[in-house]
Amino acid sequence: MENSRRKFIKQSAIFAAATYAGTMGMSAKSYGRIIGANDRVRVGVVGFSDRFKETLLPCFLNHNKELNFDIVGLSDLWNYRRDLGIAHLKAKFGHDIKACRNNDELYATKDLDAVIISTADFQHALHTIEAVKASCDAYVEKPFAETMDDAKAAFKAVKASKQIVQIGSQRRSGENYTNAAKFIQDGKFGPITAVDLVWNVNQPGRWRRPDLVAKLKEEDIDWKRFLLNRPTEAFDPRKYLEYRLFWPYSSGMPGQWMSHQIDTVHWFTNLKHPRSVVANGGIYTWKDGRRNWDSMVAVFDYGQPDTTDGFQVTFTSRMQNSVGDVGEVYYSNGGELNLITNKVSPKGGLKEKEAAAMGLKANLLPEFDLSKTEIKAATGANMGGDALTSGHMRNWMECVRSRKTPNAPVEAGYSHSIANIMTNAAVRTGAKAIFDENRQEVIANGKVFKY
């Protein structure tokens, strides 16, 4: 079996090291489908979204020839975008692509090995379940899940299948983030005292698709299949195309933006979820019929369950003014770790004389460069073949062959889902949200939060 695995020699500087998972626990069906070094990996596309077309596909094309991956099928419920997707993929790959009206037709494709899932936020977990039950590996866009029922079901399905699932948290494939994780985990930063997460834009049209909304007719899609397990609602083209503005199809800011940044907190600290969340949000400027907020603030309490330690994390986001842009800054008593500048510095830290006067020892931080390339998060939704996502896509493709654990495994998606759902619960109920570890449920006002 070892001889059948592809040996990769070239490694990109932005890849984080992955932990070997092995194949001893693989099901007989999965074991029988291990892909040889010279076999082409046949990939299906679940959803011809803007994110797939503008970012995921260019990143896939950066590596597919070298690693011998091909796209063979596309599933999209809307005939208009399905036709656009087929034409686009034919032009890119130079061969026919199977057009599928739904995922049942896609998974009937002979010898399908893997899928790229880029559908509506609330569908990611359920589409992951479909993929792994069809013995397909999957690259799944974040957020992983918007309800705990979906998160638990998808987590269970992935762990039972032993398929390779990469969550689209591309920071985990960045050199600067990997260096930051190591710096903190090696104890060089000292205990974290606070984290500030910011994601601000000034984009009236963010998540709006008015031209496409005008084109969409109910007879052109399978509305019931789109809703999956969400409550029945009358057909609404805005909810189909502008789902990020409408709960329960998306939580909006937490699922789209916060999920990236809160994932770094979990990664750097090895904590699985917050102890509690309080939050507030509202629609203050863009009053266009949306249900999700255009401004919000969430405050998280993190630390060990016994509360012997801890720190506070704040996430602020607004859609009316971009001052502050996108940023992640970690603080300790000795200074800051700044993922805007990609620098560790003693800025704001306690000075040695001040500490000595109180009989304390200061944690003096050195100047440290987290990244030679200084990769920074971009505010645009469609960034083309950006380095972070390109590295993340390659990591998944390599792991499909090697069966190693990818940089952002299902555990990462499950953890960021808990934080997102706690935030959503806190804003929508006005109560402090906590997590019941035994039941694996988000609790607000003494009740399990659902919608």
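Residues numbered from 1 in each chain as written. Predicted model: local features only at pLDDT ≥ 70, side-chain atom pairs only at ≥ 80, totals over all residues. Heavy atoms only, no water.

For the protein, the name recorded in an unreviewed UniProt entry is Gfo/Idh/MocA family oxidoreductase, with Pedobacter psychrodurus as its organism.

**A closer look at the overall build of the protein**
Stated precisely, the cut-off is as follows: Elements are defined by DSSP. Helices are runs of H or I of four residues or more, strands are runs of E of two residues or more, and each kind is numbered from the N terminus. Exposure categories follow from relative accessible area, calculated using a 1.4 Å probe and restricted to protein chains: below 20% of the type maximum is buried, above 50% is exposed, and the middle band is partly exposed. In what follows, residue pairs with any heavy atoms lying within 4.5 Å of each other are defined as contacts. Each accessible area value is a Shrake-Rupley result obtained with a 1.4 Å probe; residue values ignore everything except the protein chains displayed when judging cover.
Secondary structure summary: the protein contains 15 helices and 17 strands in total. The burial tally for the protein puts 58% of its 451 residues in the buried class. Contacts in the protein between residues far apart in sequence, at least 24 positions, make up 75% of those at least 6 positions apart. Per element, the accessible surface of the protein, about 18900 Å² overall, is 51% carbon and sulfur.

**Concerning the sheet that holds strand β3 (residues 98-100)**
Put simply, the rule is: Two strands are counted as paired when DSSP detects at least two bridges linking them. Axis definition: a line fitted to C-alpha atoms, limited for helices to the stretch in contact. Angles are taken between N-to-C directions and run from 0 to 180 degrees.
Taken in spatial order, the six strands line up as β3-β2-β1-β4-β5-β6 in an open sheet, and their pairing is parallel. Single-partner strands in this sheet number two, and they are β3 and β6 (165-167). For this sheet, the mean angle separating the axes of adjacent strands, direction not counted, is 20 degrees. Taken together, the six bridges between strand β1 (residues 41-46) and strand β2 (residues 69-75) define a ladder with parallel strand orientation. Across the sheet, residue V43 finds its bridge partner in β2, namely I71.

**What about the pairing of strand β5 (residues 137-140)?**
Rules: The handedness of a crossover follows from its direction of travel: if, with the strands pointing away from the viewer, the path from the first strand over the helix to the second runs clockwise, the crossover is right-handed.
Residues of β5 alternate between two faces, with D137 and Y139 on one and A138 and V140 on the opposite face, all of them buried. Across three bridges, the pairing between β5 and β6 is parallel. Residue pairing for β6: Y139 is matched across the bridge by Q166. In this view, the connection linking β5 to its parallel neighbour β6 by way of helix α7 (residues 148-161) has right-handed handedness.

**Examining helix α14 (residues 387-402)**
To be explicit about the condition: Given the number of residues in a helix, its expected span is that number minus one, multiplied by 1.5 Å. Between N or O atoms, a polar contact is any pair within 3.5 Å; within protein, one atom must be a potential hydrogen donor and the other a potential acceptor, and residues adjacent in sequence are included only when both atoms are from side chains.
In this model α14 runs 22 Å from its N-terminal to its C-terminal C-alpha over 16 residues, within 8% of the 22 Å that 1.5 Å per residue would give. With respect to burial, α14 is a largely interior element, 15 of its 16 residues being buried. Where α14 starts, the residue carrying a side-chain oxygen 3.4 Å from the main-chain nitrogen of L388 turns out to be D386. At the exit of α14 stands R403, carrying a positive phi of roughly 65 degrees.

**Let's talk about the layout of surface pockets**
Just so we agree on the cut-off: With a 1 Å grid laid over protein atoms only, a set of points is called a cavity when a 1.4 Å probe fits there but cannot get out and a pocket when it is open yet has protein on both sides within 12 Å along at least five of seven lines; lining residues have an atom within 4 Å of a point. Grid points are joined across faces, edges and corners, and a volume is the space filled by probe spheres set on the points. Think of it as three bins: nonpolar holds Ala, Val, Leu, Ile, Met, Phe, Trp, Tyr, Cys and Pro, charged holds Asp, Glu, Lys and Arg, and polar takes everything else, Gly as well.
Taken as a whole, the second largest pocket holds about 440 Å³ of empty space. In this structure, the second largest pocket is lined by 22 residues; those nearest its centre are H266, L271, K272, E411 and S415. Elements represented by at least two residues in the lining of the second largest pocket include exactly α8 (175-185), α12 (253-269) and α15 (410-429). Ranked by residue count, the leading element in the lining of the second largest pocket is α15, at five residues. Considering only residue class, the lining of the second largest pocket consists of ten nonpolar, seven polar and five charged.

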